[in-house]
Amino acid sequence: MTATVKNSTAEHGLSRDGLTRAEFQTPADKPPQRLFVPGPTDVHPDTLAAQAAPMIGHRSDELEALFGKCSAQLQKLYHTEARVYTVAASGSGLQEAAIRNAVEGRVINFVNGAFSQRWHDVSTGCGKDAIAVEVPWCTAVKPDQVEEALRGALADGAVDAITVVHNETSTGVASPVGAIAECVRRVSPETLVLVDAVSSFSGVKLPFDDWGLDLLLTSSQKALAVPPGLAFAAVSDRLMARAATISDRGWYFDFLQLEKYRQRNTTPATPAISLLRALSVQLDRIFAEGLEARYARHAYCGQMSREWAVDRGFGLMAESGFASDTVTTVENSKGLDMGALNRFLDEREMQIADGYGAFKGKAFRIGHMGEVWPSDLERLFAAIEEFAAAEQE
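Peer 1: Whenever I open this one, the overall build of the protein confuses me. Can you help?
Peer 2: When its secondary structure is counted, the protein shows 13 helices and 14 strands. Reported as C-alpha extents along the three principal axes, the dimensions of the protein are approximately 65 × 55 × 35 Å. Considering the protein as a whole, with its 393 residues, one finds that 60% of them fall into the buried category. Here the contacts in the protein between residues at least 6 apart in sequence split such that 74% fall between residues at least 24 apart.

Here's what the structure looks like:
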C-alpha cells in the first residue's frame, strides 16, 4: 500500500499539473451527485428524459439518422477514423466479441484485477488457448512485463492477441496501454492489442489511432453517464482482416455482420432505441463541455480524491504513479465499518463502494466519473469525515 500522491503522464490516467478548483464550477442544472460507486453513475435529467420519446421503427430513416449521428460523435470521442460499433450489451459482451473475432489460436490475458480476470474467463469460455499472466492486484500492467510474457509465448508459436484492462475498476489502477501497444508492435507486429476501457473511456483521453490499438471497448453506464445497456468498441482494419479468417465468430457479435449494417447506420438486430436517444443527448452534453475540459475535470477529481485520502490519514491502494482518474481505491486504514458508513451516507443521498473481493472491508472505492464535479466530492468527503469523527467518539 502507498500513501504517495504522484503526478505522471496523462497516458497513465493521472492528474495533470496546473489545475485549480476555480476552473470547475458546477453547472447550474446539475443535481447533487448520489452515486459515487464505480458505475453505474448518475445520469443527467435531460439524458434520462430522452428515453421517454415515442418509439420509432428500427429500420426507419429517423433511426438511421440517430445512429449515424451517435457513431460520428463516438469516433471523435475515440479520437479515431476507425469504425465504432454500438451494441445492446454490457462491456463483458464486447470482451467476448473481441475474443471471437480476433483469436483463432492463442491469446495472452494480463490479469491484474477482477475485470482483467473476467477477460481470461471469457477467453477460456470461448474455447481459446488462453495464457493468463498474473500481475499483482493494485499494480499496473507494464510494457516490460508484456514484452517478457510475449517473447516467452512466441517461442512456442504465434500469439494472436493480448488483452489488457486500461482502468481496473476493482483496484483503481490505470495501466499505460499506449506504451504497451508500442511494445507489442515492436516485439510481435502481428499480435493484436485488445483493450478494455469500461471505467475510463470519455473520462480520460484514449487516442485509439495514435496509440495503434486494435480494439478499445467500453460501456454506457460509467464515465459516459448514460443508463446501462449499451456497449461500444472501436475496431481497427487489422482486426477486421483477422476476423475474416476466423470461423465460429458467432452471430450477434460477428464484426463482419456488424460492419455490413453499420455502413447503413443500423444494426443487424433491433437496437435499444430509447438508450440511443439518451446516448445522443449525452454526447451533445459531452461535446458542449469540451473534451479537453472534460478530461481535465476528471483529472482534477482524481487528484482531489487522492489528496483528500492521504490528508485524512488513509492509504491509497493503487501503485504510485498509476492511479486512476475515474475511481480511487482508498485503504480503510481507520477500520471504518463500511456497512454503517454507507447507511450513514444513504441518509444523505450518497453511496460509495466497498472494496472488491478480497479487499471487502479493507478498502473503499470512490467513483468520480461522468457527472461528478469537485463540489460533489466536497460534499461526500465532509460526510465521510463526519461519520469517522462520530465513530471515534
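Moving on from the coordinates now.
Peer 1: I keep staring at the packing of aromatic side chains and nothing clicks. Help me out?
Peer 2: Each aromatic ring pair is characterised by the separation of its centres together with the angle its planes make. Scanning the model with the defined rule gives 10 aromatic pairs in all. A centroid spacing of 4.2 Å and a plane angle of 35° characterise the contact between tyrosine 78 and phenylalanine 201, whose relative ring orientation is tilted. With a gap of 123 residues between them, tyrosine 78 in helix 2 (residues 61-78) and phenylalanine 201 in the loop between strand 8 (192-196) and helix 7 (208-211) connect regions that are remote in the sequence. In this structure, tyrosine 78 and phenylalanine 201 share a single accessibility class: buried. For the ring pair tryptophan 308 and phenylalanine 381, a centre distance of 4.3 Å and an interplane angle of 5° mean the geometry is stacked. Here phenylalanine 381 lies in helix 13 (residues 374-392) and tryptophan 308 lies in helix 11 (residues 291-311), a separation of 73 residues in the sequence. As far as the burial class goes, tryptophan 308 and phenylalanine 381 line up, both buried. Clustering of aromatic rings is evident, with ring pairs tying together Trp308, Phe314, Phe364 and Phe381. Cation over ring: arginine 264 sits above tyrosine 261, and NZ or CZ is 4.7 Å from the ring centre. Across from the ring centre of phenylalanine 344, 3.6 Å away, lies the NZ or CZ of arginine 348, which sits over that ring.

Peer 1: Can you help me understand the sheet that holds strand 9 (residues 215-219) in this one?
Peer 2: Backbone-to-backbone hydrogen bonds pair the strands of a sheet. The strands run either parallel or antiparallel. A sheet is described by the order of its strands in space; here seven strands give the open sequence 2-10-9-8-5-3-4, paired in mixed fashion. The open sheet has two edge strands, strand 2 (83-88) and strand 4 (129-134), and neither has a second partner. Strand-to-strand twist across the sheet, computed as the mean angle between neighbouring axes with direction ignored, equals 20°. Taken together, the six bridges between strand 3 (residues 106-111) and strand 4 define a ladder with parallel strand orientation. By the bridge assignment, valine 107 is partnered in strand 4 with alanine 130. Running over the sheet, helix 9 (residues 255-262) touches strand 2, strand 9 and strand 10 (230-235) and is turned about 100° from strand 2.

Peer 1: Quick question: what am I supposed to make of unusual backbone geometry here?
Peer 2: Comment: phi is negative for the bulk of residues other than glycine, and the bulk of peptide bonds are trans. Residue proline 40 is reached from glycine 39 by a cis peptide bond, and omega for that bond is 0°. Among the structural elements, proline 40 can be located in the loop between strand 1 (35-36) and helix 1 (45-49). One non-glycine residue, asparagine 265, lies in the positive phi region at around 60°. Within the element layout of this structure, asparagine 265 appears in the loop between helix 9 and helix 10 (273-289). You can call asparagine 265 partly exposed: its relative accessible area is 30%. Its identity as a non-glycine residue notwithstanding, glutamate 349 has a phi of 60°, on the positive side. Inspection of the secondary structure puts glutamate 349 in the loop between helix 12 (338-346) and strand 13 (351-354). Residue glutamate 349 is classed as exposed on the basis of its relative accessible area of 55%.

Peer 1: Is there a simple way to explain helix 3 (residues 91-102) in this structure?
Peer 2: Think of an α-helix as 3.6 residues a turn; residues three or four steps apart then line up on the same face. For helix 3, which comprises 12 residues, the first-to-last C-alpha distance of 16 Å matches the rise-based estimate of 16 Å (1.5 Å per residue) to within 8%. For helix 3, the buried fraction is high: nine of the 12 residues fall into the buried class. For helix 3, every residue scored as buried is listed here: Gly91, Gly93, Leu94, Gln95, Ala97, Ala98, Ile99, Asn101 and Ala102.

Peer 1: Would you mind showing me how to read the pairing of strand 10 here?
Peer 2: Strand 10 sits mainly inside the fold: six of its six residues count as buried. Burial along strand 10 is two-sided: the face carrying Leu230, Phe232 and Ala234 and the face carrying Ala231, Ala233 and Val235 are both buried. Summarising the sheet, strand 2 and strand 10 pair through six bridges and their orientation is antiparallel. Pairing of threonine 86 across the sheet is with phenylalanine 232, part of strand 10.

Peer 1: Is there a simple way to think about empty space enclosed by the protein in this case?
Peer 2: Space left empty within the atom packing is revealed by a probe, the size of a water molecule, rolled over the atoms. Tallying each qualifying case throughout the model produces three cavities of 30 Å³ or more. Lining the largest cavity are 15 residues, with Thr86, Val87, Ala88, Tyr252 and Thr267 positioned closest to its centre. If one sorts the elements of the lining of the largest cavity by residue count, strand 2 sits on top with three residues. Residue classes in the lining of the largest cavity are distributed as 12 nonpolar, three polar and no charged.

What counts, and at which threshold
- Residues numbered from 1 in each chain as written.
- Predicted model: local features only at pLDDT ≥ 70, side-chain atom pairs only at ≥ 80, totals over all residues.
- Heavy atoms only, no water.
- Helix = DSSP H or I, 4+ residues; strand = E, 2+ residues; numbered from the N terminus.
- Buried < 20%, exposed > 50% of the residue type's maximum accessible area, 1.4 Å probe, protein only.
- Contact = heavy atoms within 4.5 Å.
- Phe/Tyr/Trp six-rings, centres within 6.5 Å; stacked < 30°, edge-to-face > 60°.
- Lys NZ or Arg CZ within 6 Å of the ring centre and 35° of its normal.
- Pairing = 2+ DSSP bridges.
- Axes fitted to C-alpha atoms, helices over the stretch in contact; angles between N-to-C directions.
- Expected span 1.5 Å × (residues − 1).
- 1 Å grid on protein atoms, 1.4 Å probe; cavity = no way out; pocket = protein on both sides within 12 Å on 5 of 7 lines; lining within 4 Å.
- Points joined across faces, edges and corners; volume = space filled by probe spheres on them.
- Nonpolar A, V, L, I, M, F, W, Y, C, P; charged D, E, K, R; others polar.

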